[in-house]
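Notes for the structure review
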Amino acid sequence: DNAVLFLGNSMCVRNVDRWGGVSAGQITTLISRGTSGIDGTIAQASGASAAVNRPTIVLLGDQALLHDLNSLALAKKERVLIVVLNNDGGRIFHRLPISKQKDVFGEFFVGPQGFTFEHAAAQFGIEHHVATSLDLVEEVVRRYSTEREPAIIEVPIEHGHNEELRHELESTISKALKSKSF
């Protein structure tokens, strides 16, 4: 309650828009479009946190965090909780026609880098967790809601499995809507 949820661009905002739900008045949801869509997300969320002086959680992808690593200093100062969905690149581009251009697609659009963020977190003195279970994520968020200590929760995502789950969920919802059995 009374928190700010700052959504990174790309799949984060799309997933929350499509699958998430926040009761009005409990959480303020913010998003900001940058020049490339992902630049400056941590800096902007830290500024929002400073402006409203409320617990702030940032949900973003690995590419967005890589584009704004130096802003982890601001996140620490403003005590922001960062949840990074790490699917090793810009996987949103798999949904665009450019994905058929195999000669340039992987290197120039997906841009897999193989990075994790424990060393970046350590560099800035921020606690780091790998989301091995939903229980761990809930525990860190609960602790953050009372202590307001900054942390990074890294959620490793295997792209192929993630897409299978997305298609399964969409199919189930579509069937339920067609049969009106919900």
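What this report covers is the structure whose coordinates are included nearby. Sequence order as written defines the numbering, with residues in each chain counted from 1. With the structure being a predicted model, the display of local features is reserved for residues of pLDDT at least 70 and the display and counting of side-chain atom pairs for 80 or more, all residues being used for whole-chain, interface and lining totals. The side-chain quantities take in all heavy atoms of the structure and omit both hydrogens and water.

Some points on the overall build of the protein
Condition: By definition, any uninterrupted DSSP run of H or I lasting at least four residues is a helix, any uninterrupted run of E lasting at least two residues is a strand, and each is numbered from the N terminus. The contact criterion used is simple: two residues touch if any of their non-hydrogen atoms lie within 4.5 Å. The method behind every accessible area is Shrake-Rupley, applied with a 1.4 Å probe, and residues are considered shielded solely by the protein chains displayed.
Helix and strand content of the protein: 8 helices and 6 strands. From first element to last, N terminus to C terminus, the protein shows the α and β order β-α-β-α-β-α-α-β-α-α-β-α-β-α. Considering only intrachain contacts with a sequence separation of at least 6, the fraction spanning at least 24 residues in the protein is 72%. Accessible surface, the protein: about 10,500 Å² in total, of which carbon and sulfur atoms supply 55%.

Structural notes on a nonpolar patch on the surface
Rule in force here: Residues forming no salt bridge and having over 30% relative accessible area are the ones grouped into patches, like charges within 9 Å of each other and nonpolar side chains (Val, Leu, Ile, Met, Phe, Trp, Tyr) within 5 Å. Salt bridge criterion: a side-chain nitrogen from Lys or Arg within 4 Å of a carboxyl oxygen from Asp or Glu. Think of it in three bands: residues with accessible area under 20% of the maximum for their type are buried, residues over 50% are exposed, and the middle band is partly exposed, with areas taken using a 1.4 Å probe on protein chains only.
Taken together, Trp 19, Leu 169, Ile 173 and Leu 177 make up a surface patch of nonpolar side chains, about 340 Å² in accessible area. Along the chain, the position of Trp 19 falls in helix α1 (residues 11-19). Since its relative accessible area comes to 31%, Trp 19 is described here as partly exposed.

Some thoughts on the environment of Leu 134
Within the secondary structure layout, Leu 134 lies in helix α7 (residues 134-147). Note on Leu 134: relative accessible area 60%, which makes it exposed. Between the C-alpha atoms of Leu 134 and Val 155, which are 21 residues apart in sequence, the distance is 9.8 Å.

With respect to the pairing of strand β5 (residues 127-130)
We count it as follows: At least two bridges found by DSSP between two strands are what make those strands a pair. Crossovers are marked right-handed if the path from the first strand over the helix to the second runs clockwise, as seen with the strands pointing away from the viewer.
For β5 and strand β6 (residues 151-156), the ladder comprises 4 bridges, and the chain directions are parallel. Bridging from a neighbouring strand, Val 130 pairs with Glu 154 of β6. Regarding topology, α7 serves as the crossover connection from β5 to the parallel β6, and that connection is right-handed.

Notes on unusual backbone geometry
In this model, Asn 53 sits at a positive phi of 50°, which is unusual for a non-glycine residue. Along the chain, the position of Asn 53 falls in the loop between α2 (41-52) and β3 (56-61). For Arg 79, which is not glycine, the phi dihedral falls at a positive 55°. Structurally, Arg 79 can be placed in the loop between α4 (72-78) and β4 (81-86).

Considerations on α2
Note the cut-off: By this rule the span expected of a helix is its residue count minus one, scaled by 1.5 Å.
In a regular helix each residue adds 1.5 Å, so 12 residues correspond to 16 Å; α2 covers 17 Å between its end C-alpha atoms and thus fits that length. Contact partners of the buried residues in α2: β1 (3-7), β2 (27-31), β3, α3 (62-66), α4 and β4. One or two steps after α2, the chain reaches Asn 53, where phi turns positive at roughly 50°.

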